[in-house]
Amino acid sequence: MEKTSSFPDKDAVRSRIEDLPIRVVSPKIGVFTRLQNIWVFRELLVSMVRKELRIKYKNSVLGFMWSLLNPALYLVIYYIVFQKILKNNMPLFAIFLLCGLLVWNFFSNALSSATTTVVNNAGIVKKVAFPREILALASVGAALIFFLLQACVLILALMVFQVVPAFGYLWLVPFALLALVFFASALAIALSAINVYLRDTQHLMELVLLAWFWGTPIVYPFQEIGVRLAQKHLIFLYFLNPVTVIVLTFQRALYAKMSYLDTSGKVTLLLPTYSPEWFVIQLLIVICVSAVLFIGALMLFGRLEGNFAEEL
Amino acid sequence: MPAAIEIDNVSKHFRLYHEKYTSLKERVIHFNRIPYEEFWALKNISFDVNWGETVGLVGHNGSGKSTLLKCIAAILQPTSGEIRVRGRVAAMLELGAGFHPELSGRENIYLNAALLGVAKKDVDLRFDDIVSFSELGPFIDNQVRYYSSGMYTRLGFAVAVNVDPDVLLVDEVLAVGDENFQRKCFDKVEEFQREGRTIVFVSHSPDVVRRVCDRAYVLDHGVIVGEGTAPEAISILREFQAKGSGLASMIATMQDDAGSNESDALPTLQTGSPAEERVMVGQISVAFPATPAAGHLSPGDPLTIRVSYNATKPISGVLVGIQIFDQKGDIVFGTDSDFMGLEPLDVGTEGELEFSFPTVPVTDGLFSVAIGFTSAKDQHIYDWQNQDLAFKVISNGKSGGYLKLDPRLIQNGEAVPFKD
């Protein structure tokens with residue numbers, strides 16, 4: 001039999017022992033240790049994301065093309081419905097829609113797959129020790145890859161329709177993406193743990209996500225509601241939804257049309273005229289809130305994780 | 001030198017729900033009124049495993065041995081207490097756990113190794129070792145769902161042992177696979193032992209524990225009820241198995257016997273016996289009256305089991321008990337002289353007893369024998385010893401199954417004649 005050990009002899013082992021990391025199993029493990037464990041297992045995160053991607057389109061003929069086709073078909077359908085049937089006169093409505101839809105698809109894919117991930121991976125959760133948060137993060141990671149693929153469709157569309165993005169705002173886009181990933185990760189970790197104990201969560205999430213979708217200015221422009229809320233000084237309500245700011249950033253930077261002139265000469269407002277600084281502050285707030293949520297989610301996960309193997 | 005594993009006052013508490021309510025509606029309706037039973041799977045377990053040691057955990061189903069192993073593996077969190085494990089841990093609770101059927105063997109190796117916390121570059125280095133150990137050869141690029149269960153198991157084991165663990169946790173997995181694969185597994189375990197790695201082993205099989213472990217702990221109802229070298233631990237386990245009752249009462253009896261002066265001492269076979277009055281099991285031997293030269297038994301043949309004994313002084317009122325175990329450690333047969341309806345024995349300082357079985361109606365297998373002496377008046381155990389692999393029964397191929405039975409065949413009220 002081949003020698004597969006890297007240990008030359010017992011003395012070498014002896015000298016190594018003192019340096020070995022100690023793993024503590026106890027009900028009291030702090031958030032910092034949890035983060036460390038996730039970091040140690042970062043390669044697992046990459047493997048899990050790769051696994052999710054491989055499996056999603058395994059045995060399908062078009063494979064990854066589906067993730068490109070999805071936003072492309074949305075484009076066509078919404079174009080037909082809103083611009084041809086409902087006679088929405090908004091210029092390049094499809095581009096506007098796609099900006100928000102990309103963000104939303106990421107958010108909704110990440111959360112709905114993260115909610116069921118611990119339950120669906122019961123086999124390994126019951127038999128293998130690893131930081132289980134990785135499962136939820138892998139769902140977010142896989143959604144992020146699909147987001148990047150779909151972003152290609154958007155870039156293509158921007159080029160085809162010769163849309164000029166707002167260059168002064170373009171640098172905010174990666175920043176908004178970061179905030180989005182952070183926010184989604186925090187929710188994903190919490191939801192994945194809660195669903196183990198309350199399986200309703202996964203059904204509830206479908207409805208919550210539907211309501212959340214319409215509560216975010218994706219299909220309709222921000223000012224449609226923003227103007228009315230502003231009159232009553234309730235605009236802050238709109239920004240309680242962190243996804244609003246992120247969607248707005250994408251629309252402001254890529255779609256970049258603040259208003260348009262109707263054929264009848266009436267001006268319709270589309271996007272708010274906030275400055276880049278305003279966006280920076282709003283995104284920073286989202287990131288800070290997400291950080292707090294993230295810590296909270298890790299603590300919640302830590303409390304619930306202890307009995308995963310029994311509950312599943 | 002620091003211990004490899006330190007288990008510090010670990011308890012694990014389960015709630016056994018009579019009904020499992022996992023929907024919101026049910027949770028709301030039954031909020032705080034969900035009926036459950038408190039159940040301690042582990043109670044105040046503390047022990048250390050030294051570096052390079054192989055320690056067994058034995059006990060009946062539900063004794064908590066697997067729960068303890070899962071806690072060491074960090075799959076379950078203890079309710080209180082702490083476990084510190086040094087170095088990389090590989091837990092083999094189920095081989096191939098985490099394999100995804102849609103992925104190829106190659107992809108699964110990387111995924112599984114990542115689950116065990118191994119960097120991709122380390123897997124690259126060992127990839128060929130893993131493939132050759134798994135004997136999968138060209139099938140390594142096939143989807144795992146097309147693998148046979150043997151291939152699946154071999155690949156799982158190959159990954160687990162090739163991740164260079166400092167501490168290996170093994171739960172019954174070596175009991176699967178064909179003979180060839182089992183031998184390979186044991187070779188690997190022995191290799192690990194030579195290299196000074198630490199192994200914790202959970203098993204039902206006394207033979208495996210004896211073969212592999214330096215020491216073993218006996219668990220029952222979540223507490224450690226005995227520890228010792230592997231044969232000692234197995235004796236303790238068998239003793240409890242023979243009693244078939246909760247161990248708590250057993251400990252109480254033993255402590256009473258010892259004069260209740262060592263309340264924290266773990267029971268061993270000796271502490272319970274007053275030194276002045278004792279019957280010791282000597283040599284256990286078997287004979288095959290029908291085929292004395294064969295060295296094994298044919299199904300249905302007679303069997304003689306002899307045991308020599310010596311006592312510290314002549315004692316009256318002694319019962320002798322016997323058990324026969326199969327390879328899995330299950331009791332095939334057990335009785336004692338009282339159950340047999342016999343008078344209690346009077347024993348001198350030495351002598352010999354013989355159990356004579358007119359027929360042993362089993363088809364084949366390897367059997368172990370345990371014989372012990374107890375006191376007729378208070379069931380106090382004087383001594384209890386095993387003879388492993390005492391005899392072998394080899395099938396003559398004329399019937400199948402486990403038991404050798406001798407049916408007669410009657411056709412329309414008349415016996416069917418034999419061939420001449």
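Residues numbered from 1 in each chain as written. Chains lettered and ligands numbered in written order. Predicted model: local features only at pLDDT ≥ 70, side-chain atom pairs only at ≥ 80, totals over all residues.

Some thoughts on the overall build of chain B
The following threshold applies: Note on conventions: DSSP H or I runs of at least 4 residues are helices, E runs of at least 2 residues are strands, and numbering of each starts at the N terminus. What counts as a contact here is a pair of residues whose C-beta atoms, placed from the backbone, lie within 7 Å.
A tally of regular secondary structure across chain B gives nine helices and 19 strands. For chain B, the proportion of contacts with a sequence separation of at least 24, taken over those separated by at least 6, is 71%.

Considerations on the overall build of chain A
Stated formally: Counting other C-beta atoms within 10 Å of its own, a residue is labelled buried from 20 upward, exposed at 12 or fewer, and partly exposed in the gap between, with every C-beta atom placed from the backbone.
Along its length, chain A carries 15 helices and three strands. Here chain A holds 312 residues, and the buried ones make up 38% of them. Of the contacts made within chain A by residues no fewer than 6 positions apart, 82% connect residues no fewer than 24 positions apart.

What about the interface of chain B and chain A?
Convention followed: Gly is put with the polar residues, along with every residue not named as nonpolar or charged; the nonpolar set is Ala, Val, Leu, Ile, Met, Phe, Trp, Tyr, Cys and Pro, and the charged set is Asp, Glu, Lys and Arg. Strand pairing follows a simple DSSP-based rule, namely that at least 2 bridges must link the two strands.
Taken together, the contacts link 49 residues of chain B with 40 residues of chain A. Residue assignment for the side of chain B that touches chain A shows that the elements contributing at least two residues are helix 1 (24-29), helix 2 (65-72), strand 4 (80-86), strand 5 (89-92), helix 3 (105-115) and helix 4 (120-134) of chain B. By residue number, the principal contributor to the side of chain B that touches chain A is strand 4 of chain B, which donates six residues. Of the residues contributing to the side of chain B that touches chain A, the split by class is 23 nonpolar, twelve polar and 14 charged. Inspection of the sheet shows strand 1 (residues 22-25) of chain A paired to strand 4 of chain B by four bridges, in the antiparallel sense.

With respect to the sheet that holds strand 10 (residues 279-287) of chain B
All names here are of chain B. Filter applied, for reference: In this analysis an axis means a line fitted to C-alpha atoms, helices contributing only their contacting stretch, and an angle means the value between N-to-C directions, from 0 to 180 degrees.
The antiparallel open sheet is built from three strands, whose spatial order is 10-11-15. At either end of the open sheet lies a strand with only one pairing partner, and these are strand 10 and strand 15 (350-357). For this sheet, the mean angle separating the axes of adjacent strands, direction not counted, is 20°. As defined by bridge partners, strand 10 adjoins strand 11 (residues 303-311) across seven bridges and the pair is classed as antiparallel. Among the inter-strand pairings, Ile-284 is bridged to a residue of strand 11, identified as Val-307.

A closer look at the nonpolar core
Threshold: For this entry, the nonpolar core is defined as buried Ala, Val, Leu, Ile, Met, Phe, Trp, Tyr and Cys residues connected by C-beta atoms within 7 Å.
In terms of nonpolar packing, the biggest core is built from 157 residues, with Leu180(A) and Leu169(B) touching the most fellow members. Each residue touching Leu169(B), except ones within four places of it in the same chain, is listed here: Leu69(B), Ile72(B), Ala73(B), Val89(B), Ala91(B), Met92(B) and Val200(B). One finds Leu297(B), Ile305(B), Ile315(B) and Phe391(B) within the second-largest nonpolar core, a separate group that totals 27 residues.

A short note on helix 3 of chain B
Summarising burial for helix 3 of chain B: ten of the eleven residues are buried, a large majority. Listed as buried for helix 3 of chain B are Gly105(B), Glu107(B), Asn108(B), Ile109(B), Tyr110(B), Leu111(B), Asn112(B), Ala113(B), Ala114(B) and Leu115(B). The inward-facing, buried residues of helix 3 of chain B abut helix 3 (42-56) and helix 6 (122-127) of chain A together with helix 4 and helix 5 (149-161) of chain B. With its phi angle positive at about 85°, Gly117(B) sits one or two positions after the end of helix 3 of chain B.

Examining the sheet that holds strand 3 (residues 54-59) of chain B
Residue and element names in this part refer to chain B. The six strands lie next to each other as 5-6-7-3-8-9, forming an open sheet whose pairing is mixed. The open sheet has two edge strands, strand 5 and strand 9 (223-229), and neither has a second partner. With direction set aside, neighbouring strand axes in the sheet form an average angle of 15°. In this structure, strand 6 (residues 167-171) lies alongside strand 7 (residues 198-202), joined through five bridges in parallel fashion. Within strand 7, the residue paired with Val-167 across the bridge is Thr-198.

Quick notes on the pairing of strand 11 of chain B
Summarising the sheet, strand 11 of chain B and strand 15 of chain B pair through eight bridges and their orientation is antiparallel. Looking at strand 15 of chain B, one finds that Thr304(B) is bridged to Ser356(B).

Here we look at the pairing of strand 7 of chain B
All names here are of chain B. With respect to burial, strand 7 is a largely interior element, five of its five residues being buried. Side chains Thr-198, Val-200 and Val-202 project from strand 7 onto one buried face, and the interleaved Ile-199 and Phe-201 project onto a second face that is buried too. Bridge count for strand 3 against strand 7 is four bridges, and the pairing is parallel. Each residue of the ladder has a partner; that of Gly-56, found in strand 7, is Phe-201.

Looking at the confidence of the model for chain A
Residues and elements named next belong to chain A. Put simply, the rule reads: Values of pLDDT, which run from 0 to 100, indicate the predictor's confidence residue by residue.
Residues of chain A with pLDDT of at least 70 account for 95%, and the chain-wide mean is 85. Ranking the helices and strands of chain A by mean pLDDT puts helix 9 (residues 172-197) first, with 94, and helix 1 (residues 10-17) last, with 64. The low-confidence segment residues 1-8, where pLDDT is below 50, has twelve contacts with residues more than four positions distant or belonging to other chains.

A short note on the confidence of the model for chain B
All names here are of chain B. Per-residue confidence for chain B gives a mean pLDDT of 80, with 84% of residues at or over 70. When pLDDT is averaged over each helix and strand of chain B, the minimum, 40, is found for helix 9 (residues 247-257) and the maximum, 92, for strand 18 (residues 410-411). Every residue in residues 245-274 scores below 50 in pLDDT, and together they form 33 contacts with partners more than four places removed in sequence or on other chains. Interface confidence in the predicted complex, given as ipTM, is 0.76; pTM for the same model is 0.70.

Observations regarding the packing of helix 5 (residues 93-120) of chain A against helix 10 (residues 200-214) of chain A
Residues and elements named next belong to chain A. Note the threshold: For classification purposes, an angle smaller than 35 degrees is called roughly parallel, one larger than 145 roughly antiparallel, one from 65 to 115 roughly perpendicular, and anything else oblique.
Helix 10 packs onto helix 5 with a crossing angle of 170° between their chain directions and a minimal axis gap of 10 Å. Relative to helix 10, the element helix 5 lies roughly antiparallel. Taking contact as the criterion, the partners of Trp-104, Ser-108, Leu-111, Ser-112, Thr-115 and Thr-116 in helix 5 are, on helix 10, Thr-201, Gln-202, Met-205, Leu-209 and Phe-213. Classifying every residue of the contact of helix 5 with helix 10 by side-chain character gives five nonpolar, six polar and no charged.

Topic: helix 5 of chain A
What counts here: Between the first and last residue of a helix there are one fewer steps than residues, each counted as 1.5 Å, and that sum is the expected span. Given a residue, its bend is the angle between the two axes fitted to the seven residues that end at it and to the seven that start from it.
With 28 residues, helix 5 of chain A should reach 40 Å at 1.5 Å per residue; the first-to-last C-alpha distance of 38 Å fits that figure. Of all the bends in helix 5 of chain A, the greatest measures close to 30° and is centred on Ala114(A).

Brief notes about unusual backbone geometry
Not every positive phi belongs to a glycine, and Gln162(A) is a case in point at roughly 50°. Within the fold, Gln162(A) resides in the loop between helix 7 (133-160) and helix 8 (167-170). The backbone phi angle of Glu135(B) is positive, close to 60°, even though this residue is not glycine. Along the chain, Glu135(B) turns up in the loop between helix 4 and helix 5.

Regarding the environment of Met90(A)
All names here are of chain A. Along the polypeptide, Met-90 turns up in the loop between helix 4 (65-85) and helix 5. For Met-90 and Tyr-260, which are 170 residues apart along the polypeptide, the C-alpha to C-alpha distance reads 7.3 Å. If sequence neighbours within four positions are ignored, Met-90 has contacts with Phe-96 and Tyr-260.

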